[in-house]
Amino acid sequence: MRDAISLTTEHLAQLNLAPAHSALAGLLAQPSLDYPALKFDIDFPQASDDPRELSEIPEVRLWFIRLDSRYPWLPLYLDWEAGELARYTAMLVPHQFSPVDGIRYNPEALEIYVMNKVFSVHHWLQSNELDGIKRLQQMTQMLGYELDDGLFQLL
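Rules behind the numbers
Residues numbered from 1 in each chain as written. Predicted model: local features only at pLDDT ≥ 70, side-chain atom pairs only at ≥ 80, totals over all residues. Heavy atoms only, no water. Helix = DSSP H or I, 4+ residues; strand = E, 2+ residues; numbered from the N terminus. Rg over C-alpha atoms; globule rule 2.2 N^0.38 Å. Salt bridge = Lys/Arg side-chain N within 4 Å of Asp/Glu carboxyl O. Buried < 20%, exposed > 50% of the residue type's maximum accessible area, 1.4 Å probe, protein only. Contact = heavy atoms within 4.5 Å. Axes fitted to C-alpha atoms, helices over the stretch in contact; angles between N-to-C directions. Parallel < 35°, antiparallel > 145°, perpendicular 65-115°, else oblique. Left-handed = near helix turned anticlockwise from the far one by under 90°.

1. Observations concerning the overall build of the protein
Item 1. Along the backbone of the protein there are 8 helices and 4 strands.
Item 2. Its helices and strands taken in sequence order, the protein reads β-α-α-α-β-α-α-β-β-α-α-α from the N to the C terminus.
Item 3. Over its C-alpha atoms the protein spans a radius of gyration of 16 Å, differing by no more than 12% from the 15 Å that the globule rule assigns to 155 residues.
Item 4. Principal-axis analysis of the C-alpha atoms gives the protein an extent of 50 × 35 × 25 Å.

The following block contains the structure:
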């Protein structure tokens, strides 16, 4: 099942997280790993001569930075198969886009981002008594990182 967080130019310009709050209301009321995969529908008109990807537009990136600070565990619930994890990560991690290779994240920035996610999501899972370590490991694998179980034993 896919649910969408629909964003307009107004939401982005005003840093209004209401669409995310609405989409996550059920999850916030009762945290669970059984939640529909989420995607973002972003309505941000661009001039025809503007070659930028959405992740290169400051207003869009700033909204996602605010969202991530409020819901650092949100990547667990994105529709990974539809590319939403890569898209979300691109909003937060410096990158280049190559027509041949696709998104190429800055390696050091991606490493910091991944470890930040591991620590914050692990804490959120524990706080909500959820056993989501395997899902967290799968998420990091999607971003190119293989995490040993020993790391989670340290935490």
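2. Thoughts on the pattern of salt bridges
Item 1. Under the criterion given, the structure shown has 6 salt bridges.
Item 2. Note that Glu-84 and Arg-87 form a salt bridge whose closest N and O atoms lie 3.3 Å from each other. Remark: Arg-87 and Glu-84 occur in helix H5 (residues 84-92); sequence separation between them is 3 residues, near one turn of the helix.
Item 3. Residue Asp-149 pairs with Lys-134 through a salt bridge whose shortest N-O separation is 3.8 Å. With Asp-149 in helix H8 (residues 149-154) and Lys-134 in helix H7 (residues 133-142), this residue pair connects regions lying 15 residues apart in the sequence.
Item 4. Residue Lys-134 is classed as exposed on the basis of its relative accessible area, which comes to 55%.

3. Some words on the side chain of Thr-140
Item 1. Positionally, Thr-140 belongs in helix H7.
Item 2. The class for Thr-140 is buried, based on a relative accessible area of 1%.
Item 3. Not counting chain neighbours up to four residues away, the residues in contact with Thr-140 comprise Val-114, Val-118, Tyr-145 and Leu-147.

4. Quick word on the packing of helix H6 (residues 107-127) against H7
Item 1. It is the contact of H6 with H7, at a shortest axis distance of 11 Å, that shows an interaxial angle of 165°. In this view, H6 runs roughly antiparallel relative to H7, as classed from their interaxial angle. Note that H6 runs across H7; the crossing there is right-handed. Every residue of H7 that contacts H6 at Val-114, Lys-117, Val-118, Val-121, His-122 and Leu-125 is listed here: Ile-133, Leu-136, Met-139 and Thr-140.

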